[in-house]
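Spelled out from the first residue to the last, the chains are:
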Amino acid sequence: MSTEKIKNSLKNGPDELGYYGEGEKARGGFASGETLMPILKNLQDAFEDAIKDKSFIDKFHYYCKHWINRPSPLYFAENLTKKIGGAKIYFKSEHLNHTGSHKVTNCLFQTLLALRMNKKRVLVESGAGAHFSAAAATCSKFSLPILGVMGNTDIRKVNSNIIKAKHYGAKLEAVDGSLKEAITHVLKMWTNDPDSYYLCGSAVATAPFPRIVQYAQSIIGKEIREQCLKHENKLPNEIHACLGGGSNSIGAFHEFLDDKEVKLVGVEGKTSAALSKGTIGIMQGMKTYMIQSKDGSVAEQTKDLPSGINYFSVGPQHSYLKDIGRAEYTFATDDEILDTYKLVARTEGICSALEPMAAVCETIKRAKGKPKDYIIVTSLCGRGEKDLDVIEKLRGSDFE
Amino acid sequence: MILSERLKKIFSAQKPKTKFVAYFVGCHPTYEKSLDIIKASIDNGTSIVEIGYSTSEASAEGPIIKAAQDRVIANKSSLKDVINLAKEVRDYNKDVGIILMGYISNLFMFPIPNFIEEIKKVDIDGVLVVDAPHELKEENTLRENLKKNDIAFIKLVAPTTPNERLKKICDMGSGYIYCLNYSGTTGVKSVDLSQVKKMVEKIKNYTNLPVCSGFGVKTPQNAKEIASTGVEGVIVGTAFVDYIEKNLDDTNLSKNLGKNIKEFTNILN
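Residues numbered from 1 in each chain as written. Chains lettered and ligands numbered in written order. Predicted model: local features only at pLDDT ≥ 70, side-chain atom pairs only at ≥ 80, totals over all residues. Heavy atoms only, no water.

**Re the overall build of chain B**
Looking only at helices and strands, chain B has twelve helices and nine strands in total. Relative to a compact globule of 269 residues, whose C-alpha radius of gyration would be 18 Å, chain B shows 17 Å and is just as compact. Its C-alpha atoms give chain B principal-axis dimensions of about 50 × 40 × 35 Å. Of all 269 residues assigned to chain B, the portion counted as buried reaches 59%. Taking as baseline every contact in chain B between residues at least 6 positions apart, the subset at least 24 positions apart corresponds to 74%. (Helix = DSSP H or I, 4+ residues; strand = E, 2+ residues; numbered from the N terminus. Rg over C-alpha atoms; globule rule 2.2 N^0.38 Å. Buried < 20%, exposed > 50% of the residue type's maximum accessible area, 1.4 Å probe, protein only. Contact = heavy atoms within 4.5 Å.)

What follows is the structure, given as structure tokens:
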């Protein structure tokens, strides 16, 4: 990977202080307590150092290929395309990665970074448990003890990921609430044990995490470029991805930020649609859009069914991309997501996680009536095993 | 270096030898009770009160202060209410130091220029923002505005803070330096005295500002031990917030907590 920077490229990433954009418009930053500040600075330096080290990057790519099974296929969803009647729909099959979601790539990258930094213990937060189970797998593979934090609301929803993580040897601490509460709690645990490594699962929180996670996940977009050129001999017209914090979407978008002809569309859940309905604030380490009270004292409770996108805030780079108009953001409702889940299961034989179905809702809307050579790539960032119980309970009779 | 006249006077006084700094969650458990508690604290020898304003995602609070802040948020008490509370405290006593303490979220939304205007009117001595390191743009705005208005900006230093950074922070801070006794959230660990002593010595190499240390000071005996490290002030928070949470139904809550506080101020005299 080249680290050379092109002037004015949107891919240049945040400045040294973790900001995307300038002045009042800057998003991101280090809004962190003093105990963690020196630790975060060390992490930033260690990351910059690691990505210049060819042997480190080679190791990351080696395990991406042989352990995660990357590149994930770019799959032509032929039946769905026919059914909708319009643009050609491709799925970037991140659900076929080892551990079943895009999360594992970031876990692999940061676990290797933690080892490089000689860290002895890993802390993670998780929403849908996809990050927890992926981190547990990577930490098992590389022999690091790991402790996860999840909200009780989510633990009830995604039991299979919790069982998997337990089998990999991870410990879990439950807190009241969901992903928001898990993040605040894990930041406290890290403050109490700053020698441990916090393996942040999304492109959120204080600098340098949004940049580190974006870097690791950008492999998704790089593969999309290569695969789309191979299959179609051109770039996609649009790339769609769901987002809570936004690691899957920034991973899919980043490679194309300077290809202005490629439309980038992110889809949140309806109640957690920070980019559509939120205001700029500063919480959980970053300045970004969020669903908050007017006086900034409360991060509002959001209630979207897919735990992985049920997050009141969003990664700062997405806020920046929204502000400058480089990416568009919208949202989908729980009902739309469940309908789309069924459609994808029945047309493509894919039992998808609920999160990426938010993105497919938008793909369906936008594909309709488009010319046949118009290409939409949608990141299918997770598989659905974790959601089966919830779907059965809510919609089981629909499938009979 | 700016140091509001009041804080200067407090730290230059011969007695008490080590100043007692009490932290309370503002409007906890209610606005009225909180005011009574702070008054009782002043009546029992507290030199400086740090009044906390609440944020749901506060990242440095242990479970006890978190529970208190959650209660305040559930009661819908805002930073505006905490500023009103501080005004009543100032009306009650002209000598006590008043510091507002909390997170950047509320200040950003207030927003910062209006916040400064309000607290200047109320005669607040200083502000401490837990998650606003000097790397953050809003910290720079806040620091500049506080300086212009001669309001102290209390900066935190932690055991993890390396020397060069420590020097920088000491240069940026005013009022006093808040020295964290351990790396962690409020009220969850015990204090390693020798570590605190080393840290206080280090801070004093870089600044003439008074040093107050906090986190993990649970008993008057703890406070006395901390005082022996050479700090000018000892900060206690969680122990009092815990007392309040456990005695919510006590009709003499402020009076009884006052007695408790007296034990701390007596031992520091």
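So, next bit.
**So, the confidence of the model for chain B**
Residue-level pLDDT values for chain B average 97, and 99% of them are 70 or greater. Interface scoring of the predicted complex returns ipTM 0.97; its pTM is 0.97. (pLDDT = per-residue confidence, 0-100.)

**A short note on the domain arrangement of chain A**
Residues and elements named next belong to chain A. Domain boundaries in chain A define domain 1 (28-64 + 102-214) and domain 2 (71-100 + 218-399). Put simply, the middle of domain 1 and the middle of domain 2, counted by C-alpha atoms, are 22 Å apart. Counting residues at the interface gives 36 residues for domain 1, matched by 38 residues for domain 2. Surface buried jointly by domain 1 and domain 2 totals about 2900 Å² across both partners, of which 56% is contributed by carbon and sulfur atoms. In this structure, the connection of domain 1 to domain 2 is made through zero salt bridges. Counting across the domain 1 and domain 2 interface gives 16 residue pairs in polar contact (both at pLDDT 80 or more). (Domains from an automatic or database assignment. Buried area = accessible area lost by both parts, 1.4 Å probe. Salt bridge = Lys/Arg side-chain N within 4 Å of Asp/Glu carboxyl O. Polar contact = N/O pair within 3.5 Å; in protein donor to acceptor, adjacent residues only side chain to side chain.)

**A few points about the packing of helix 5 (residues 130-141) of chain A against helix 7 (residues 159-167) of chain A**
Residues and elements named next belong to chain A. Relative orientation of the contacting elements helix 5 and helix 7 amounts to 15°, with a least axis distance of 8 Å. Considering the angle they form, helix 5 stands roughly parallel to helix 7. Crossing angle aside, the handedness with which helix 5 passes helix 7 is left-handed. Together, A130, F132, S133 and A136 of helix 5 and N161, K164 and A165 of helix 7 make up the contact between the two elements. Looking at the contact of helix 5 with helix 7 residue by residue, the class counts come to four nonpolar, two polar and one charged. (Axes fitted to C-alpha atoms, helices over the stretch in contact; angles between N-to-C directions. Parallel < 35°, antiparallel > 145°, perpendicular 65-115°, else oblique. Left-handed = near helix turned anticlockwise from the far one by under 90°. Nonpolar A, V, L, I, M, F, W, Y, C, P; charged D, E, K, R; others polar.)

**Observations regarding the interface of chain B and chain A**
Contact with chain B, which involves 37 residues of that partner, is made by 35 residues of chain A. Summed over both partners, the interface of chain B with chain A comes to about 2900 Å²; 56% of that surface belongs to carbon and sulfur atoms. The largest contributions to the chain B side of the interface with chain A come from B:E57, B:M109 and B:E135, which together make up 24% of the buried area. The tally of links from chain B across to chain A stands at four salt bridges. Linking B:E57 and A:K180 is a salt bridge whose minimum nitrogen-to-oxygen distance equals 2.9 Å. In this assembly, chain B and chain A are joined by 15 residue pairs in polar contact (both at pLDDT 80 or more). When residues of the side of chain B that touches chain A are traced back to their parent elements, those giving at least two are helix 3 (63-74), helix 5 (104-109), helix 7 (137-148), strand 6 (155-157) and helix 8 (163-172) of chain B. The class makeup of the residues in the side of chain B that touches chain A is 16 nonpolar, twelve polar and nine charged.

**Describing the pairing of strand 8 (residues 211-214) of chain B**
All names here are of chain B. Of the two faces of strand 8, the one holding V211 and S213 and the one holding C212 and G214 are both buried throughout. In the sheet, strand 7 (residues 177-180) pairs with strand 8 via four bridges, with the strands oriented parallel. Its bridge partner being in strand 8, C179 is matched across the sheet by S213. Taken together, strand 7, helix 9 (residues 193-206) and strand 8 form a β-α-β motif whose crossover is right-handed. Considered for its hand, the β-α-β crossover made up of strand 8, helix 10 (residues 220-227) and strand 9 (residues 233-236) is right-handed. (Pairing = 2+ DSSP bridges. Right-handed = clockwise from strand over helix to strand, strands pointing away.)

**Quick word on the pairing of strand 7 of chain B**
Residue and element names in this part refer to chain B. Of the two faces of strand 7, the one lined by I177 and C179 and the one lined by Y178 and L180 are each fully buried. Two strands pair when backbone bridges link them, and strand 6 and strand 7 are joined in this way by three bridges, in the parallel orientation. Across the sheet, residue V157 finds its bridge partner in strand 7, namely C179. Read as a crossover between parallel neighbours, the route from strand 6 over helix 8 to strand 7 is right-handed.

**Some remarks on the environment of A:D49**
Residues and elements named next belong to chain A. Relative to the elements of secondary structure, D49 occurs in helix 1 (residues 37-50). You can call D49 partly exposed: its relative accessible area is 47%. Within the structure, D49 has its side chain in polar contact with the side chain of R116 (distance 2.8 Å).

**Digging into a negative patch on the surface**
Residues A:D15, A:E16, A:E22, A:D45 and A:E48 make up a contiguous surface patch of negative charge. Mapping A:E16 onto the fold places it in the segment before strand 1 (19-20). (Patch = residues over 30% accessible without salt bridge, like charges linked within 9 Å, V, L, I, M, F, W, Y side chains within 5 Å. Areas by Shrake-Rupley, 256 points an atom, 1.4 Å probe, with all protein chains shown as cover. Lys, Arg positive; Asp, Glu negative; His and termini not counted. Charge placed at Lys NZ, Arg CZ, Asp CG, Glu CD.)

**Side note on the sheet that holds strand 13 (residues 327-332) of chain A**
The strands that make up a sheet pair up through hydrogen bonds in the backbone, lying either parallel or antiparallel. Residue and element names in this part refer to chain A. With respect to topology, six strands assemble into an open sheet ordered 3-4-14-9-10-13, the strand pairing being mixed. Edge positions in the open sheet fall to strand 3 (74-76) and strand 13, since each of these has one partner strand only. Taking the axes of each pair of neighbouring strands and ignoring which way they run, one obtains an average angle of 25° across the sheet. With respect to the sheet, helix 10 (residues 219-232) is in contact with strand 3, strand 4 (88-92), strand 9 (238-242) and strand 14 (375-379), its orientation differing from that of strand 4 by roughly 140°. Packing against the sheet, helix 15 (residues 354-367) makes contact with strand 4, strand 9, strand 10 (263-269), strand 13 and strand 14, and its axis sits at approximately 145° to strand 9.

**Topic: the sheet that holds strand 6 of chain B**
All names here are of chain B. Overall, parallel pairing links the nine strands, which are arranged 5-4-3-2-1-9-8-7-6 in an open sheet. In the strand order of this sheet, the two ends are held by strand 5 (152-153) and strand 6, each with one partner. The pairing of strand 8 with strand 9 spans two bridges and is classified as parallel. Opposite C212, over in strand 9, you have G233 as the bridge partner. Along the sheet, helix 2 (residues 31-43) contacts strand 1 (19-25) and strand 2 (48-52); its crossing angle with strand 1, the most-contacted strand, is approximately 175°. Taken strand by strand, helix 4 (residues 79-92) contacts strand 2 and strand 3 (97-102), and its axis lies near 165° from that of strand 3.

**Topic: the side chain of A:E238**
All names here are of chain A. Structurally, E238 can be placed in strand 9. Exposure remark for E238: the relative accessible area of 1% places this residue in the buried category. Side chain to side chain, E238 and H240 meet in a polar contact 2.7 Å long. At 2.6 Å, the side chain of E238 forms a polar contact with the side chain of Y374. With sequence-adjacent residues up to four places away left out, E238 is seen in contact with K263, V265, R366, K370, Y374, I375, I376 and V377.

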